[in-house]
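# Architecture and fold: a report
Spelled out, the chains give:
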Amino acid sequence: MIKKVGFVAFFGILLFFVMLLTSCGHKQEIAPETPAIDTTTHPVDTTPPPPPPPPPPPPKLQESQLETIHFDFDKYNLRPDAKAGLDHNYQLLKKFPNVIIKIEGHCDERGTVEYNLSLGEKRAKAAQDYLIDMGISPNRISIISYGKERPIDPGHNEAAWAKNRRCEFRIISQ
Amino acid sequence: MKKSSLVFIILFLTSFSLASAQGNRIRNVFFDTLRTGNIQPTPIGVDKMKYIGNQYITAQDSTLMRYITAVVRYDIDFYADFELIPVDSFFLTMYQITDLDLLSWLRLGADIVVKLEAEFPGQNIRARWRLYDTARRQQIAKGKITENKNNWRILGHRISNEIVHTLTGSRGIFLTKIVYVKKLGKAKELFLADYDGANERQLTANGSLNLSPCFAPKKDEIYFTSYMNGNPQLYKVNIDSKVIKQVASYPGIIAAPAVSPDGEEIACVLSKDGNSEIYVLNLKGEIVKRLTRNRAIDTAPTWSPDGRMIAFTSDRSGTPQIYLMNSDGLNVKRLTFQGNYNDSPIWSSRGDRITFVSRTKSGRFDLASIDTSGYDYRILTEVGMNENPHFSPDGKHIIFSSTRLGPRDIYTMDVSGRNQRRITHSGNCSNPNWGPIK
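Remember, it's a predicted structure, so these values are computed and weren't measured experimentally. (Residues numbered from 1 in each chain as written. Chains lettered and ligands numbered in written order. Predicted model: local features only at pLDDT ≥ 70, side-chain atom pairs only at ≥ 80, totals over all residues. Heavy atoms only, no water.)

Glancing now at the packing of helix α3 (residues 80-95) of chain A against helix α4 (residues 113-134) of chain A. Residue and element names in this part refer to chain A. Where α3 contacts α4, the axes come no closer than 10 Å and their chain directions differ by 50 degrees. Here α3 is positioned oblique relative to α4, judged by the angle of their axes. As α3 runs across α4, the sense of the crossing is right-handed. Residues K83, L86, D87, Y90 and L93 of α3 lie in contact with α4, whose contacting residues are A127, Y130, L131 and M134. (Axes fitted to C-alpha atoms, helices over the stretch in contact; angles between N-to-C directions. Helix = DSSP H or I, 4+ residues; strand = E, 2+ residues; numbered from the N terminus. Parallel < 35°, antiparallel > 145°, perpendicular 65-115°, else oblique. Left-handed = near helix turned anticlockwise from the far one by under 90°. Contact = heavy atoms within 4.5 Å.)

Looking now at the pattern of salt bridges. All names here are of chain A. Tallied over the entire structure, the rule returns 40 salt bridges over all chains. In this structure, E168 engages R170 in a salt bridge whose closest nitrogen and oxygen atoms are separated by 2.3 Å. Linked by salt bridges that have partners in common, E63, E104, R166, E168 and R170 make up one network. (Salt bridge = Lys/Arg side-chain N within 4 Å of Asp/Glu carboxyl O.)

Right, let's talk about the sheet that holds strand β10 (residues 210-215) of chain B for a bit. Residues and elements named next belong to chain B. If you trace the four strands from one edge of the open sheet to the other, you get β10-β11-β12-β13, paired in antiparallel fashion. Looking along the sheet, the strands with just one partner apiece sit at the ends: β10 and β13 (244-248). Averaged over all adjacent pairs, the angle separating strand axes in this sheet is 30 degrees, with direction ignored. With six bridges joining them, strand β11 (residues 221-226) and strand β12 (residues 233-238) adopt antiparallel strand pairing. Within β12, the position partnered with Y223 by the bridge is K236. (Pairing = 2+ DSSP bridges.)

Before going further, it helps to examine unusual backbone geometry. All names here are of chain B. In this structure, S344 is a non-glycine residue whose phi angle is positive, near 60 degrees. Counting through the fold element by element, S344 comes out in strand β22 (residues 342-347). For S344, a relative accessible area of 9% corresponds to the buried category. The residue D376 is not glycine, and still its phi comes out positive at about 65 degrees. Position of D376 relative to the elements: it lies in the loop between β24 (365-371) and β25 (378-379). Relative accessible area serves as the criterion here: at 29%, D376 is assigned to the partly exposed category. (Buried < 20%, exposed > 50% of the residue type's maximum accessible area, 1.4 Å probe, protein only.)

All names here are of chain B. By the secondary structure assignment, R334 is in strand β21 (residues 333-334). R334 gets classed as partly exposed once you look at its relative accessible area, which sits at 26%. In contact with R334, other than residues within four places in its own chain, are S317, Q321, I322 and Y323. A distance of 2.8 Å separates a polar side-chain atom of R334 from the backbone oxygen of T336. (Polar contact = N/O pair within 3.5 Å; in protein donor to acceptor, adjacent residues only side chain to side chain.)

It is worth spelling out the layout of surface pockets at this point. In this structure, the largest pocket occupies an estimated 930 Å³ of space. Along its surface, the largest pocket is lined by 40 residues, and V259, T302, H390, F391 and N433 of chain B are the ones closest to its centre. Secondary-structure elements contributing two or more residues to the lining of the largest pocket are β10, β14 (254-259), β18 (298-303), β22, β26 (386-391) and β30 (429-434) of chain B. Taken together, the residues of the lining of the largest pocket sort by class into 24 nonpolar, 14 polar and two charged. Approximately 750 Å³ is the volume found for the second largest pocket. Lining the second largest pocket are 28 residues, and of these E109, P151 and H156 of chain A together with K183 and R408 of chain B sit closest to its centre. If you list the elements that add at least two residues to the lining of the second largest pocket, you get α5 (158-164) of chain A together with β30 of chain B. (1 Å grid on protein atoms, 1.4 Å probe; cavity = no way out; pocket = protein on both sides within 12 Å on 5 of 7 lines; lining within 4 Å. Points joined across faces, edges and corners; volume = space filled by probe spheres on them. Nonpolar A, V, L, I, M, F, W, Y, C, P; charged D, E, K, R; others polar.)

All names here are of chain B. A cluster of nonpolar residues, F90, M94 and Y95, forms a patch on the protein surface that exposes about 400 Å² of accessible area. Following the sequence through the fold, F90 ends up in helix α4 (residues 89-94). On the accessibility criterion, F90 (59% relative accessible area) is exposed. (Patch = residues over 30% accessible without salt bridge, like charges linked within 9 Å, V, L, I, M, F, W, Y side chains within 5 Å. Areas by Shrake-Rupley, 256 points an atom, 1.4 Å probe, with all protein chains shown as cover.)

On to the interface of chain A and chain B, then. Between chain A and chain B, the residue contacts involve 23 residues of the former and 36 residues of the latter. For the pair chain A and chain B, the two sides together bury roughly 2,500 Å², of which 55% comes from carbon and sulfur. In terms of surface lost to chain B, no three residues of chain A exceed E114, Y115 and E149 of chain A, which account for 25% of the buried area on that side. Across the contact surface, chain A and chain B share two salt bridges. Note that E387 of chain B and K148 of chain A form a salt bridge whose closest N and O atoms lie 2.8 Å from each other. For the pair chain A and chain B, the number of links is eleven residue pairs in polar contact (both at pLDDT 80 or more). Looking at the side of chain A that touches chain B, the elements with two or more residues in it are α4 and β3 (141-147) of chain A. When residues of the side of chain A that touches chain B are assigned to their parent elements, the largest contribution, nine residues, is made by α4 of chain A. Looking at the side of chain A that touches chain B residue by residue, the classes come out as eight nonpolar, four polar and eleven charged. (Buried area = accessible area lost by both parts, 1.4 Å probe.)

Structure follows, in structure tokens:
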């Protein structure tokens, strides 16, 4: 008699655990639904575009869209590929008339700190002058030279130097 | 015709200087160096410091004596006019020599011997130095210096300064300071150290780019270019208080400051005209004079020792070359025609030569030297990328940065290119400048 009660109790407990496990399983199935919350936030993001007025503000110019241009050793004249890059940047600046940029002139590690500071400025100035000649207002373009102090490639070979002789375009405000 | 007469003049000067040097026994680096190209430094032996007190010496004091001996030996070996005779401890042990007498020093090759003695009254070191002429076996000079035990390094340098002054008549440089730029992450900060690289300490800590430090000759100040407020502008820092003050602010860059020999003016580069031009500012940062008017790059001004002329770099010919002009900007004359990259000129303290960075045929950047007449171009280094030379205040040594062992570090050498030494060992060090003798 007692054995029977024990059996029943044992099965009861077993059943309880099985139920518990399955319920846990259910919860685990729910867990993947969390992305659903994300999908609800996404609609929030996308909702601002739907209203018709925003077309002018939403598309913003990304710094990565502006092309970095490169130079020859100890030179600050614009190569054909640099001019092509500047033409590309000019189109973007025309498209986004509120963007104000700063052109950073950089050099490779060869030569002295002082000379490269002047050379970097010459490079930034060449790029600035080109854009102004194309019709961009001088108020929208400032320049700074970092000489050889901020290389993007720390290497000591021609490949690294070629990458480091450059003008970068930074967006100050838009 | 012209060349042969020049050779004759050089030969004449050489023989004259050699004769006068021999008459003197102590040879002056300025006569030998660069004129003959072959320097004959005076060989000097430095005996180890001995205790002359009447008590037992403590282990600590004995260590101090070893350190002071090492400082004096380093200084003597460093100095352009001298050459340290190494003491071969193996030789001494072999022949059971505990004390080198003057005859032994003479046999080792020493013309002059320095003997050092010390006592330790209280917290002080009282040191005596004596100079001996080994050929004549007699004492030629002596002196006494007392310093606190903590200042043992200063004590050693003071002894060396007195030895230099006694033997050459010039003031020693062993208590001077050097400043250089060290890269810390993305920032470049100014660091100050003793002339031999000891006692390094950080001067600026603004996390920005701090470049081209230049000592003022009479005050404890260093002028430099810094990006701390965005654009590269001119600042100065006091080396004791480390207080930084802005000196000048103009549109564009302010670069390459060079304080005039009288300490009253600063030659530097301003680009407010849309292009790098050399200007002279007063100590308040106001423009005194514009010296160059050229669409090319004009930079790296350096004063002649009398302050009447300025050497600078310009790429007006298409490549960077060294030019000379009067300090009012008139009478510009091109000095270098060798290779396609000559930059960073410095004027020798005697005013007769310019040392600069020259891109040599191998594509390396080496230090080179040329007479202000434009003759006698000589390459002084032959390994690594060598940059930013500056003279020691006595004009006998040059400090510069080099990548010869991989990392960029600070090195020194004699004006002739002899005796090249590494001063910093951390890497990422550049842009050195040497402070005045006080």
